[in-house]
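# Chains, contacts and geometry: an overview
Below, each chain spelled out in residue letters.
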Amino acid sequence: MRIKEARKMRNISGPVLAEKIGITSQFLYDIENGKCRARVDLLEKIANELNVSLDYLVGRTDDPRPLPNPEDLKKLEELRETIELAFQQFREIMEKYSSPKNVG
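Residues numbered from 1 in each chain as written. Predicted model: local features only at pLDDT ≥ 70, side-chain atom pairs only at ≥ 80, totals over all residues. Heavy atoms only, no water.

Glancing now at the pattern of salt bridges. Throughout the structure, instances matching the rule amount to 8 salt bridges. Taking the shortest distance from any N to any O, the salt bridge between Arg7 and Glu32 comes out at 2.6 Å. Note that Arg7 is positioned in helix α1 (residues 3-9) and Glu32 in helix α3 (residues 25-32), a separation of 25 residues in sequence. For Arg7, a relative accessible area of 9% translates into the label buried. Residue classification places Glu32 among the buried residues on the basis of a relative accessible area of 15%. Here Glu84 ties to Arg80 by a salt bridge, and the two come within 2.8 Å at their closest N and O atoms. (Salt bridge = Lys/Arg side-chain N within 4 Å of Asp/Glu carboxyl O. Helix = DSSP H or I, 4+ residues; strand = E, 2+ residues; numbered from the N terminus. Buried < 20%, exposed > 50% of the residue type's maximum accessible area, 1.4 Å probe, protein only.)

Structure follows, in structure tokens:
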């Protein structure tokens, strides 16, 4: 588990994290030191609070960045489509005015 590492990376103390996720500092300490096992839902809370991926927390990846949520992915796709349409319109206007037949 990388809870302590992630906490330190985010500059969050054990007692503060424990309070935010609704557990005792002792229980968090025990989880961090392998004395207790945490349920997945608790690990998800910890990962969310520390803004790291669950995979990072449990050692499946070295990349701490969380995956984007589905709502953000949808917004990004909508923005991509809007930008693509704007570029297409820009190119059409530029072609219209840069064509030799419109010169003098």
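Next, the rest of the story.
Okay, the environment of Asn51 next. Summarising the element assignment, Asn51 is placed in the loop between α4 (40-50) and α5 (54-57). With relative accessibility at 44%, the residue Asn51 sits in the partly exposed group. Not counting the four nearest positions on each side in its chain, Asn51 is found in contact with Arg10, Pro64 and Pro66. (Contact = heavy atoms within 4.5 Å.)

Glancing now at unusual backbone geometry. One non-glycine residue, Asn11, adopts positive backbone phi at about 55°. Among the secondary structure elements, Asn11 is positioned in the loop between α1 and α2 (14-21). Located in the positive-phi region is Asn51, a residue other than glycine, with phi close to 55°.

It is worth spelling out the packing of α2 against α4 at this point. At their nearest, the axes of α2 and α4 sit 10 Å apart, and the two run at 120° to each other. By the angle between their axes, α2 is oblique relative to α4. Where α2 crosses over α4, the handedness of that crossing is right-handed. Along its contact with α2, which presents Leu17, Lys20 and Ile21, the element α4 presents Leu42, Lys45, Ile46, Glu49 and Leu50. Its residues placed into classes, the contact of α2 with α4 shows 5 nonpolar, no polar and 3 charged. (Axes fitted to C-alpha atoms, helices over the stretch in contact; angles between N-to-C directions. Parallel < 35°, antiparallel > 145°, perpendicular 65-115°, else oblique. Left-handed = near helix turned anticlockwise from the far one by under 90°. Nonpolar A, V, L, I, M, F, W, Y, C, P; charged D, E, K, R; others polar.)

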